[in-house]
Amino acid sequence: LIFFGGLLLRRVLAPMRLLADAAERIGRGERIILGEMGVFEVRRVVRALNDMQARIHQLIGDRTEALASVGHDLRTPLARLQLRSEGIDDPLLRAAIAKDVDEMEAMVASLLAYYGGENDPERPAQIDVAILVQTIVDDATDMGHRATYHGPEHLEAVLRPSGLKRALGNLVEN
């Protein structure tokens, strides 16, 4: 009786094992539609998992579509700024504006890639953080703000330069 009871219990729990395996695979990004099997309660859970998975994929699709629209909407004024900057006579001002537009385009691309579920397109690189901070401070003083840097002359690190520059720039501006 114990042997047959064990076999019966194993047969009853088999759909739960399949459900647990499917949930793990779904968590890794696979799309799996499970067939409804087992007792009524297990079939209900399977149906709910399949429905939830469909809703999640619909939300991801909607988000991706919205992000593509936002990306287009953000890039349009950046392109206009780039075109308008080319008409500026002062070469230093034109170069500064072009640099800012390029930086904003990189930020938009990075954010859209991140929110679109992709990896950040900016790869970590070996940079001198001290030089980056000194450059940010120089930019701030060029714009008439009071800013000073006190720290080492050089500090090498491997990180994402645009992300760090954006964060440090926000700190200095604030």
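To keep things clear, this report deals only with the structure shown in the data block. (Residues numbered from 1 in each chain as written. Predicted model: local features only at pLDDT ≥ 70, side-chain atom pairs only at ≥ 80, totals over all residues. Heavy atoms only, no water.)

1. Thoughts on the overall build of the protein
Within the protein, the regular secondary structure consists of five helices and two strands. Listed N to C, the secondary structure of the protein is α-α-α-β-α-β-α in terms of helices and strands. A globule of 174 residues ought to have a C-alpha radius of gyration of about 16 Å, yet the protein, at 27 Å, is considerably larger. In terms of its C-alpha atoms, the protein occupies a principal-axis envelope of roughly 90 × 40 × 25 Å. Roughly 12,900 Å² of accessible area belongs to the protein as shown, and the carbon and sulfur atoms make up 60% of that amount. (Helix = DSSP H or I, 4+ residues; strand = E, 2+ residues; numbered from the N terminus. Rg over C-alpha atoms; globule rule 2.2 N^0.38 Å. Areas by Shrake-Rupley, 256 points an atom, 1.4 Å probe, with all protein chains shown as cover.)

2. Overview of the packing of aromatic side chains
Evaluated as defined, the whole model comprises one aromatic pair. For the pair Phe3 and Phe4, a centre-to-centre distance of 5.6 Å together with 65 degrees between the ring planes defines the contact as edge-to-face. According to the relative accessible area criterion, Phe4 is exposed, its value standing at 59%. (Phe/Tyr/Trp six-rings, centres within 6.5 Å; stacked < 30°, edge-to-face > 60°. Buried < 20%, exposed > 50% of the residue type's maximum accessible area, 1.4 Å probe, protein only.)

3. What about the environment of Ile26?
By the element assignment, Ile26 lies in helix α1 (residues 2–27). Remark: the alpha-carbon pair of Ile26 and Gln53, spanning 27 residues in sequence, is separated by 8.1 Å. Leaving out residues up to four positions away in the same chain, Ile26 has contacts with Ile32, Leu49 and Gln53. (Contact = heavy atoms within 4.5 Å.)

4. Quick notes on a nonpolar patch on the surface
Residues Leu8, Leu9, Val12, Leu13, Met16 and Val39 make up a contiguous nonpolar surface patch of roughly 510 Å² in combined accessible area. Using a relative accessible area of 38% as the deciding quantity, one classes Leu13 as partly exposed. (Patch = residues over 30% accessible without salt bridge, like charges linked within 9 Å, V, L, I, M, F, W, Y side chains within 5 Å. Salt bridge = Lys/Arg side-chain N within 4 Å of Asp/Glu carboxyl O.)

5. Examining the packing of helix α4 (residues 129–142) against helix α5 (residues 161–173)
Here α4 crosses α5 at 45 degrees, and the two axes come no closer than 10 Å. Considered as vectors, α4 and α5 are oriented oblique to each other. With respect to the hand of their crossing, α4 and α5 are arranged in right-handed fashion. Residue-level inspection shows Val129, Leu132, Val133, Ile136 and Ala140 of α4 in contact with α5, the latter providing Pro161, Leu164, Lys165, Leu168, Gly169 and Val172. By residue class, the composition of the contact of α4 with α5 is nine nonpolar, one polar and one charged. (Axes fitted to C-alpha atoms, helices over the stretch in contact; angles between N-to-C directions. Parallel < 35°, antiparallel > 145°, perpendicular 65-115°, else oblique. Left-handed = near helix turned anticlockwise from the far one by under 90°. Nonpolar A, V, L, I, M, F, W, Y, C, P; charged D, E, K, R; others polar.)

6. Section: the environment of Leu78
Inspection of the secondary structure puts Leu78 in helix α2 (residues 40–85). We classify Leu78 as buried; its relative accessible area is 6%. Taking the C-alpha atoms as reference points, Leu78 and Leu13, separated by 65 residues in sequence, lie 58 Å from one another. Residues in contact with Leu78, not counting those within four places in the same chain, are Val101, Met104, Glu105 and Val108.

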